Amino acid sequence: MNSSSIVNNDDILLKLCHSVSHVLSSTSASQISHAGMIQSISRTRLKPDLGCFSIFDGGFSGLVVINFSAAAAIEIYRRYMLNMGMPETELAFSHTSDDVSNVMGELMNQILGDFIGKISKELQTSISQSQPKMLTINKELTISVDTNLDNAVARRVSFKTENNHIFYLEFAMDKTEFLRSADFEMNEEFDLDSLIETHGQKAQAKSDKSQDVLNDPNVKGLVVDDADDLLSELGL
């Protein structure tokens, strides 16, 4: 998010785009990227082949819609399940499978959780979300999703999977601005995964160092001598 004193709808959308890319990339062990251009649209819609939406409320209100093509949904689903250790023979092949819908709904929930956690902290506000709903949609059907927003701003951003399959994020919320006060200081963000990895590396290094010390013949000799002295004192 930019460092200016005003945070607007597009700044919030950019944070949501980062959450989509981060969560889907990490859970599927692949590269998910979003376009650098944001499209202004009149309203949000659920479109083929797989549409997912969730409503959020609190400090600001809005709607998030993600429309996956069949190819994009299957690619993300299969990469996610394989990354979780599932055998490939047990995976679904059709985007109409209940298993695909359940997984994509869970990923949508993780995306919104990541987004709400970060934006609530940065804007110092409270936001809640509805349970994401997933629908399989025919080619001939487009569902318009309306929200009770006073002055809605709607945007669309395209995303691309590692195999170049396209899906779209559509976002609508009240037109709003957050103004930073002069004495506002944002808490530094940290990546929990990176933090765990760093501590793991330090622990491993300490373990290796301890093992090297124990393997030192001089240290071994001292340990043996100390043990002999103790046994002598005990009369053994």
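Preceding block: the structure.
Described in the following lines is the structure provided in the data block.

Calculation notes
- Residues numbered from 1 in each chain as written.
- Predicted model: local features only at pLDDT ≥ 70, side-chain atom pairs only at ≥ 80, totals over all residues.
- Heavy atoms only, no water.
- Salt bridge = Lys/Arg side-chain N within 4 Å of Asp/Glu carboxyl O.
- Helix = DSSP H or I, 4+ residues; strand = E, 2+ residues; numbered from the N terminus.
- Buried < 20%, exposed > 50% of the residue type's maximum accessible area, 1.4 Å probe, protein only.
- Phe/Tyr/Trp six-rings, centres within 6.5 Å; stacked < 30°, edge-to-face > 60°.
- Lys NZ or Arg CZ within 6 Å of the ring centre and 35° of its normal.
- Contact = heavy atoms within 4.5 Å.
- Core = buried A, V, L, I, M, F, W, Y, C linked by side-chain atoms within 4.5 Å.
- Pairing = 2+ DSSP bridges.
- Polar contact = N/O pair within 3.5 Å; in protein donor to acceptor, adjacent residues only side chain to side chain.
- Axes fitted to C-alpha atoms, helices over the stretch in contact; angles between N-to-C directions.
- Parallel < 35°, antiparallel > 145°, perpendicular 65-115°, else oblique.
- Nonpolar A, V, L, I, M, F, W, Y, C, P; charged D, E, K, R; others polar.

### Side note on the pattern of salt bridges
Under the criterion given, the structure shown has eight salt bridges. We note a salt bridge from Glu75 to Arg79, for which the minimum N-O separation is 3.2 Å. Of this pair, Glu75 and Arg79 both sit in helix α2 (residues 70–83), four residues apart, which is roughly one turn of that helix. Residue Glu75 is classed as buried on the basis of its relative accessible area, which comes to 7%.

### Points about the packing of aromatic side chains
Here the structure, examined in full by the defined rule, presents six aromatic pairs. Ring geometry for Phe56 and Phe60: centres 5.6 Å apart, planes at 85 degrees, overall edge-to-face. A relative accessible area of 3% means that Phe60 is categorised as buried. Sitting over the face of the ring of Phe93, Arg78 holds its NZ or CZ atom 4.6 Å from the ring centroid.

### Description of the environment of Ser40
As for its position among the elements, Ser40 is in strand β3 (residues 39–41). Since its relative accessible area comes to 54%, Ser40 is described here as exposed. Spatially, the C-alpha atoms of Ser40 and Val157 are 9.1 Å apart, while their sequence positions differ by 117 residues. In this structure, Ser40 is in contact with Ala154 and Arg155, ignoring residues within four places of it in sequence.

### Description of the nonpolar core
Within the largest apolar cluster, 45 residues are counted, with the highest numbers of intra-cluster contacts made by Ile12, Leu16, Phe60, Met104 and Phe167. At the level of secondary structure, the elements contributing two or more residues to this core comprise α1 (9–28), β5 (50–58), β6 (62–68), α2, α3 (98–123), β10 (152–160) and β11 (166–174). Of all the elements, α3 adds the most residues to this core, at eleven residues. Core analysis: the second largest hydrophobic core is formed by six residues, Phe53, Leu63, Val65 and Ile137 among them.

### Remarks on the pairing of β6
Residues in a regular strand point their side chains to alternate faces of the sheet. Of all seven residues that make up β6, seven are buried, and the element is covered over most of its length. Of the two faces of β6, the one carrying Gly62, Val64, Ile66 and Phe68 and the one carrying Leu63, Val65 and Asn67 are both buried. Hairpin geometry of β5 and β6 is characterised by an intervening segment of three residues between the two adjacent antiparallel strands.

### Some points on the side chain of Ser61
When you line up the elements, Ser61 lands in the loop between β5 and β6. Engagement of the side chain of Ser61 in a polar contact is seen with the side chain of Asp57, the distance being 2.5 Å.

### So, the packing of α2 against α3
Where α2 meets α3, the axes come as close as 10 Å, and the angle between the chain directions of the two elements is 80 degrees. Between α2 and α3, the angle is such that the two are roughly perpendicular. For the pair α2 and α3, the contacting residues are Ala73, Ile74, Ile76, Tyr77, Tyr80 and Met81 in the first and Asp99, Val100, Val103, Met104, Leu107 and Gln110 in the second. The residue makeup of the contact of α2 with α3, split by class, is ten nonpolar, one polar and one charged.

These figures capture arrangement, not role.
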